[in-house]
Amino acid sequence: MGNLNLAFEIAEKHLDIPKMLDAEDIINTPKPDERAIMTYVSCFYHAFAGAEQAETAANRICKVLGVNQENEKLMEEYERLASELLEWIRRTTPWLENRTAEKTMVEMQRKLEDFRDYRRMHKPPKVQEKCQLEISFNTLQTKLRISNRPAFMPSEGKMVSDIASAWQGLEGAEKGYEEWLLTEIRRLERLDHLAEKFRQKASTHETWANGKELLLSQKDYETATLTEVRAFLRKHEAFESDLAAHQDRVEQIAAIAQELNELDYHDVAAVNQRCQRICDLWDQLGTLTQKRREALERTEKLLETIDQLFLEFAKRSAPFNNWMEGAMEDLQDMFIVHTIDEVQSLISSHEQFKATLPEADGERQAILGIHMEVQKISQSYGIKANLINPYSTITTEELLAKWDRVKKLVPQREGSLQEELARQHASERLRRQFAVQANLIGPWIQTRMEEIGRCSLEVGGTLEDQMTQLKQFEHVIVTYKPNIDKLEGDHQLIQESLVFDNKHTNYTMEHIRVGWELLLTTIARTINEIETQILTRDAKGISQEQMHEFRSSFNHFDRKLREETGENTGKLRCEEFKACLISLGHVGNDHQKKHGAMDTDDFRACLISMGYDLGEVEFARIMMLVDPSATGMVSFQSFIDFMTRETTDTDTADQVVASFRILAADKPYILVEELRRELPPDQAEYCILRMAPYSGPGGLAGALDYTAFSTALYGESDL
């Protein structure tokens, strides 16, 4: 009696079941009315069945909303990463495009060091970010496709293609930047050498020319005796000999100044000003010399009174003095060489110069003999006057001092050349050390690329097996990184030694860098492709045998793939590998097109072989599904989606609408309290924030439109 009354009261108060019988009638009647009892029981059954249906609907909505929330988080993360990467590219590209040369070696070397820091420290993390961004984008699109959601369209300018285009622009700006820096450093080094050489020659010439203009402008012959006039003429002849000997130096000064102009020397204005002063003075000296000669030649019998010994001394000492000055310049001349052969050539020239020293010493003794002859004559004839050679300013003491200087500079020059020879030998060892490593690393990178390619094309084994093998490849590649770092260190030592070529290898550091970055990108993309296939397989309920069957059918009809993986499996030669790396952008695109993609004819043949009855209209409909961008190619992922789309149970907008209708007790709208009662708190609030107010007939205050919300989840409205 108590149980029945309790059941009837609860049914009437909480389940909206009216009280149709009394407990006393059931207990006190030997055989209660069967129809009345069944009616009561059916009311209970429908009440409980409705509650279970509402719970099922709530679970379905929770599942759909959970997927949507996760996808939105992935979209926000992609937008953030894309914005940061594009901003970094925008800031970095103008710096790499700037080809404004600095004026000094120190500033250009600082630029080179900044570029090395960029390649070693700043760019590698951005390469990883770019690769991770592509992986995240592919994973998000796969999840959206699996959950029957519309594809994700990033903000304007943040598509994967936009990032790839910006990255290509960055690498285009980077290409040749390091070579330009090294070329500028060589140019500045050459300029510094020429500028120092110009200063030395200019200083020597200016020292020689100092006072010559004043000397030539004198009119002392006008008041001189005949003997003095004759002496002036002899002295002038000696000066002309000296002037002719300095012609080469003036021409060399002008030639060096011209070369500095052509090479855009930063202080070229001062060089031109100094060179112009020297040339103007030289022209003035020539004019004054000619005028003085004409004046002296007008004086009769001048040449007969000239002391032949002094004249001979002047004529021979001036060229010899000029030769010694030139020899000292050559012995102190700086040299820039880059090979052992160049050093050997300088050493050979130095040996030839040493061979001329005995002849020069003979000339020196002959000139000193003339001086001794003058002294002998002076003593023999009792000349008391302090005899000074009127034809030359060169003294025997000066000749002796310069000769001693030449003898000291010879071994110093020889020592410098030997030191340079030792340095070149050390540079050659660095070249060979780099070549040995580069010739190992280049083929190693190529071999890993081939292994990854074979692994991604194998049909046998599970996707997890392929993933395990790819992870092993990734571990091998990561542990190989110290070899790349060591090669970078050797490369920096070579450049710091100002070595710019290497005949022992065809691989440059740039080839190795590009190959390494391509290898890292390829392994990451291949792993992501397998992860996407696993995700698709699990979401679509595809068995491993079906996945193998799909892959076998796809590979059988992918004629380009079969052509590449058939007989043409030989390895690239070193030169081909280098060319492949140089054209990296093209390599990446071709690889993506040819591996794992069928053209339209191959796809049609594959469908026919699987039993599809294809007319033109039906085939066009299918192509719109598998190739919405009309590229003419069908990827393996699109092939799998097509094969599983029509047979796999997926959520649709209609199903979600039906589920909300159950929670809303068949009303065309739903209330806030109903959402909070039937759904978990976070998902209930998610719906409340996004559902538009219900605007249809019969709606209550605060009623929400679940139909528009459900349609928007599947891309069918502007939510």
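Coordinates for the structure precede this section.
I will try to describe carefully the structure that is included in this document. What you are looking at is a predicted structure, and each value in this text was computed from that prediction instead of being measured. (Residues numbered from 1 in each chain as written. Predicted model: local features only at pLDDT ≥ 70, side-chain atom pairs only at ≥ 80, totals over all residues. Heavy atoms only, no water.)

1. A closer look at the overall build of the chain
So the rule is basically this: Helix and strand labels come from DSSP, where a helix needs a run of H or I of at least four residues and a strand needs a run of E of at least two; each type is numbered from the N terminus. Relative accessibility thresholds used throughout: buried, under 20% of the residue-type maximum; exposed, over 50%; partly exposed, between the two (1.4 Å probe, protein chains only). Contacts between residues were defined by any pair of non-hydrogen atoms, one from each residue, lying within 4.5 Å. Exposure was quantified through the Shrake-Rupley algorithm and a 1.4 Å probe, taking into account, for residues, occlusion by the shown protein chains and nothing else.
Summing up its helical and strand segments, the chain has 28 helices and two strands in all. Within the chain, buried positions represent 41% of all 719 residues. When contacts within the chain are restricted to residue pairs at least 6 apart in sequence, long-range pairs at least 24 apart make up 81% of them. Of the accessible surface of the chain, which amounts to about 39,300 Å², a share of 53% is contributed by carbon and sulfur atoms.

2. Notes on the nonpolar core
The criterion, for reference: We call a set of buried residues a nonpolar core when its members are Ala, Val, Leu, Ile, Met, Phe, Trp, Tyr or Cys and they connect through side-chain atoms within 4.5 Å of each other.
Counting residues in each nonpolar core, the largest one holds 44 residues, and the members touching the most others are Leu470, Ile512, Trp516, Phe603 and Phe639. Setting aside residues no more than four positions away along its own chain, Leu470 makes contact with Ile452, Cys455, Ile523, Thr526, Ile527 and Ile530. The next biggest cluster of nonpolar side chains, apart from the first, holds 26 residues, and it includes Val64, Ala664, Ile670 and Tyr706.

3. Considerations on the packing of helix H6 (residues 177-209) against helix H9 (residues 247-262)
For the record, the criterion: For helices, the fitted axis covers only the stretch in contact; all axes are lines through C-alpha atoms, and the angles between them, taken along N-to-C directions, range from 0 to 180 degrees. Here roughly perpendicular refers to angles of 65 to 115 degrees, roughly parallel to angles under 35, roughly antiparallel to angles over 145, and oblique to all remaining angles. Crossing handedness is read from the near helix: turned anticlockwise from the far helix by less than a right angle, it gives a left-handed crossing, and turned clockwise, a right-handed one. Basically, the charged four are Asp, Glu, Lys and Arg, the nonpolar ten are Ala, Val, Leu, Ile, Met, Phe, Trp, Tyr, Cys and Pro, and anything else, Gly included, counts as polar.
Relative orientation of the contacting elements H6 and H9 amounts to 150°, with a least axis distance of 10 Å. Overall, the two elements H6 and H9 adopt an arrangement that is roughly antiparallel. Between H6 and H9 the crossing geometry is left-handed. The segment H6 lies against H9, with Arg190, Leu191, Leu194, Ala195, Lys197, Phe198, Lys201, Ala202, Thr204 and His205 engaging Arg249, Val250, Gln252, Ile253, Ile256, Ala257, Glu259 and Leu260. Taken together, the residues of the contact of H6 with H9 sort by class into 10 nonpolar, three polar and five charged.

4. Re H9
So the rule is basically this: For a helix, the expected span equals 1.5 Å multiplied by the number of residues minus one. Directions are taken from the helix axis to each C-beta atom, and the arc is the one they span.
With 16 residues, H9 should reach 22 Å at 1.5 Å per residue; the first-to-last C-alpha distance of 23 Å fits that figure. Among the residues of H9, Arg249, Val250, Ile253, Ile256, Ala257 and Leu260 are the ones counted as buried. Projection of H9 onto a plane perpendicular to its axis shows the buried side chains occupying an angular sector of 125°, all on one side. Buried positions along H9 lie against H6, helix H10 (268-297) and helix H11 (308-332). At the exit of H9 stands Asp264, carrying a positive phi of roughly 60°.

5. Here we look at helix H1 (residues 2-14)
Given 3.6 residues to a turn, an α-helix orients residues that are three or four positions apart in the same direction. Here H1 is 13 residues long and its end C-alpha atoms lie 18 Å apart, about the 18 Å a rise of 1.5 Å per residue gives. Immediately downstream of H1, the backbone of Asp16 shows phi near 60°, a positive value.

6. Quick word on the pattern of salt bridges
Condition: Here a salt bridge means any side-chain nitrogen of Lys or Arg lying within 4 Å of a carboxyl oxygen belonging to Asp or Glu.
Under the defined criterion, the tally for this structure stands at 28 salt bridges. Across the salt bridge formed by Glu77 and Arg80, the nearest N and O atoms sit 2.5 Å from each other. Pair noted here: Glu77 and Arg80 are both in helix H3 (residues 34-97), with a separation of three residues, about one helical turn. Residue Glu325 pairs with Arg249 through a salt bridge whose shortest N-O separation is 3.8 Å.

7. A short note on the state of the cysteines
To keep things clear, this is the line we draw: What counts as a disulfide here is a pair of cysteine sulfur atoms lying within 2.5 Å.
Inspection of the entire model under this criterion finds zero disulfides. Cysteine Cys62 shares no disulfide, and the gap to the nearest cysteine sulfur, in Cys687, comes to 8.2 Å.

No statement about biological role is implied by the geometric values presented.
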